[in-house]
Amino acid sequence: MMRRALELAVRGVGLVSPGPLVGCVIVNDRQQIVGEGFYVYDEVKHAETIALEHAAEAAQGATAYISLEPHAHQGRTPPCTNALIEAGVKRVIAPIEDPNPKVSGRGFAHLRAAGIEVCTGLLEEEATQLNEAYIHFMRTGRPFVHLKMAVSLDGKVATATGESRWITGEPARARAHEMRHQYDAIMVGGGTVRVDDPLLTDRSGKLRRRPLVRVVIEHYLRTRPQSQLAQTTDAAPVIIFACEDADNDSLDALRARGVEVVAQGSALDLASIVDHLGKRSLQSVLVEGGPSLAALLLEGGLVDKVTFFVAPMIIGGQDAPSAIAGAGAEKIAEAVKLERIEVRQHGDDIEITGYPQKQSGQ
């Protein structure tokens, strides 16, 4: 039943940010599902309320399986705990607390005070991963940063001439668009924009509540007003972070196209950029290169998750760019190591995903 609650929560992907993914299943004493619901931000009602409405009188004496702690405060909606109590639910099973300071622990406490049995910890790891971006955002105020790269078997992201389309096959690229759908923003370096002239849109075909914010990081403002990004600001926002000494003509031309340019002083500060995005309520950022930006983010300890799509081809060439630029690790012990590894296959390509191990002091 808890797995069903998590499955329902997934239906809110792209539709809840900056809120969490929440699913709820109401089950009677004969282990029959009598009500279900999942949260969508614009529909206001929370998953618990929707499930209780479906269950109606059958909620009396039932068990509620909820993917996240219900809230006990008045927000955009009345407290979900009140709805559970008034419906006569006798037991609530939820894997994890909501890290939102307005909620954390208070929802469970309210339910227990009303005599409802509360059980926690069931499928805790799965529930945490489901809401990893929301949890990170609530705890740090920063968006969850996920680095995604497509590489050849020998770690190259392009040939020596700069050609990179396409390293991976169509199934892997479709998976990449599914990933874009899960994120609030997509980030690339200025070099990627100049070489590839990408659109950076969500072409998953699925509904999303907010347009995918397209973020460009470059030391010098060189993104052309004729680029696809600058010409499609009516479809999705474009924000360029660049140093202050930008060419005024380029700056004016880009702003005339609707591009927002944020001056960064004499040097780029990626930590402050990530903070800036968090203040815009952007809960998550998918980084799609290039190598220099990837290196700076990794060196700054700003990457929370890593995905590499590895294609079964060998590009070769000393001058062909590798996935991660920068100075790199001097010793194997200093290399960025991943944990909680997942491996999937998409056509001929392999997706490898993991989380950077936290160094001592981080």
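What you see as residue numbers is a count from 1 along each chain, following the sequence as written. Where totals are concerned, whole chains, interfaces and linings use all residues; where local detail is concerned, this predicted model gives features only for residues with pLDDT of at least 70, and gives and counts side-chain atom pairs only at 80 or more. The side-chain values count all of the structure's non-hydrogen atoms but skip hydrogen atoms and water molecules.

Caption draft 1: Quick look at the sheet that holds strand S9 (residues 238-242). In spatial order, the strands read S10-S9-S8-S7-S11-S6-S12-S14-S13; together these nine strands make up an open sheet with mixed pairing. Looking at which strands have only one partner, the edges of the open sheet turn out to be strand S10 (260-263) and strand S13 (338-346). Neighbour-to-neighbour, the strand axes of this sheet turn through a mean angle of 20°, independent of strand direction. In this sheet, S9 lies alongside strand S8 (residues 213-217) in parallel orientation, the contact comprising four bridges. Counterpart to Val 216 in the pairing with S9 is Ile 240. The contact criterion used is simple: two residues touch if any of their non-hydrogen atoms lie within 4.5 Å. For helices, the fitted line uses only the C-alpha atoms of the stretch in contact; every axis is such a line through C-alpha atoms, and the angle between N-to-C directions lies from 0 to 180 degrees. Per the convention used, a helix needs a DSSP run of H or I reaching at least four residues, while a strand needs a run of E reaching at least two, with both numbered from the N terminus. Against the sheet, helix H11 (residues 291-299) contacts strand S6 (144-151), strand S7 (185-189), S8 and strand S11 (284-287), and its axis sits at roughly 110° relative to S7. At least two bridges found by DSSP between two strands is the condition for calling them paired.

Caption draft 2: Structural detail: the pairing of strand S14 (residues 349-356). Type-normalised accessible area, obtained with a 1.4 Å probe on protein chains alone, sets the label of each residue: buried when under 20%, exposed when over 50%, and partly exposed for intermediate values. Summarising burial for S14: six of the eight residues are buried, a large majority. Pairing geometry for strand S12 (residues 305-310) and S14, over five bridges, is antiparallel. The residue of S14 that forms the bridge with Val 310 is Ile 350. Of the strand pairs in this sheet, S13 and S14 are connected by seven bridges, and their pairing is antiparallel. Directly across from Leu 338, in S14, lies its bridge partner Pro 356. Turn length for the S13-S14 hairpin, with the two strands adjacent in sequence and antiparallel, is two residues, and the turn residue Gly 347 shows positive phi of about 60°.

Caption draft 3: Summary view of the sheet that holds strand S3 (residues 63-66). Reading across the sheet, the five strands line up as S2-S1-S3-S4-S5 and stay open at both edges, with mixed pairing between neighbours. A strand with exactly one partner marks an edge of an open sheet, and here the two such strands are strand S2 (33-38) and strand S5 (117-120). On average, each strand axis in the sheet is inclined to that of its neighbour by 15°, with strand direction left out of account. When strand S1 (residues 23-27) meets S3, the two strands line up antiparallel, connected through four bridges. Residue pairing in the sheet places Ile 26 in a bridge with Ala 64 of S3.

Caption draft 4: Region of the structure containing H11. Of all the positions in H11, only Pro 291, Leu 293, Ala 294, Ala 295 and Leu 297 are classed as buried. Tucked into the core, H11 has its buried residues touching S6, S7, S8, helix H10 (270-279) and S11. Directly after H11, the chain includes Gly 301, whose backbone phi takes a positive value near 65°.

Caption draft 5: Geometry of H10. Taken together, the buried positions of H10 are Leu 270, Ile 273, Val 274, Leu 277 and Gly 278. Each buried residue of H10 sits inside an arc of 145° when the element is viewed along its axis, so together they form one side. Counted as a polar contact is a pair of N or O atoms within 3.5 Å, where, for protein atoms, one must be capable of donating a hydrogen and the other of accepting one, and residues adjacent in sequence contribute only when both atoms are in side chains. In this structure Asp 269 caps H10, since a side-chain oxygen of it lies 3.2 Å from the backbone nitrogen of Ala 271. This arc is taken over the directions from the axis of the helix to the C-beta atoms.

Caption draft 6: Just the packing of helix H3 (residues 80-87) against helix H4 (residues 106-113), in detail. Packing of H3 against H4 leaves a shortest axis separation of 10 Å and a crossing angle of 20°. In terms of their interaxial angle, H3 and H4 are classed as roughly parallel. Regarding H3 and H4, the two cross each other, and that crossing is right-handed. Contacts between H3 and H4 involve Thr 81, Asn 82, Leu 84 and Ile 85 on the former and, on the latter, Gly 107, His 110 and Leu 111. Split by residue class, the contact of H3 with H4 holds three nonpolar, four polar and no charged. Geometric relationships in this document are graded by angle, where less than 35 degrees denotes roughly parallel, more than 145 denotes roughly antiparallel, 65 to 115 denotes roughly perpendicular, and other angles denote oblique. Crossing handedness is defined as follows: a turn of the near helix away from the far one that is anticlockwise and smaller than a right angle gives a left-handed crossing, while the clockwise case is right-handed. Gly counts as polar in this scheme, as do all residues outside two lists: the nonpolar Ala, Val, Leu, Ile, Met, Phe, Trp, Tyr, Cys and Pro, and the charged Asp, Glu, Lys and Arg.

Caption draft 7: Here's a closer look at the nonpolar core. In terms of nonpolar packing, the biggest core is built from 39 residues, with Ile 26, Leu 52, Ala 64, Ile 66, Leu 84, Val 89 and Val 92 touching the most fellow members. Listing elements by their share of this core, those giving two or more residues are helix H1 (2-10), S1, helix H2 (47-55), S3, H3, strand S4 (91-94), H4 and helix H6 (132-140). Counting residues per element, this core draws most heavily on H1, which supplies five residues. Non-local contacts of Leu 84, meaning those with residues more than four positions away in its chain, are made with Leu 52, Ala 64, Ile 66, Pro 70, Val 89, Val 92, Leu 111 and Ile 116. Ranked by size, the runner-up nonpolar core spans 30 residues in total, among them Val 213, Ile 217, Leu 277 and Val 306. Residues belong to one nonpolar core when they are buried, are Ala, Val, Leu, Ile, Met, Phe, Trp, Tyr or Cys, and are joined through side-chain atoms within 4.5 Å.

Caption draft 8: Spatial organisation of the side chain of His 177. With respect to the element layout, His 177 can be found in helix H7 (residues 170-181). Given the relative accessible area of 13%, His 177 is considered buried. Apart from the residues lying within four places of it in its own chain, the contact partners of His 177 are Thr 201, Asp 202, Arg 203 and Ser 204.

Caption draft 9: Geometry of unusual backbone geometry. In the segment running from Ser 17 into Pro 18, the intervening peptide bond is cis, with an omega of 10°. Of note, Pro 18 is situated in the loop between H1 and S1. Backbone torsion omega between Arg 165 and Trp 166 reads -10°, so that peptide bond is classified as cis. Tracing the chain through its elements places Trp 166 in the loop between S6 and H7. For Ala 56, which is not a glycine, the phi torsion comes out positive at approximately 55°. Structurally, Ala 56 can be placed in the loop between H2 and S3. Its identity is not glycine, yet Ser 281 carries a phi of approximately 65°, on the positive side. Mapped onto the secondary structure, Ser 281 falls in the loop between H10 and S11.

What is shown is where atoms sit, not what they do.
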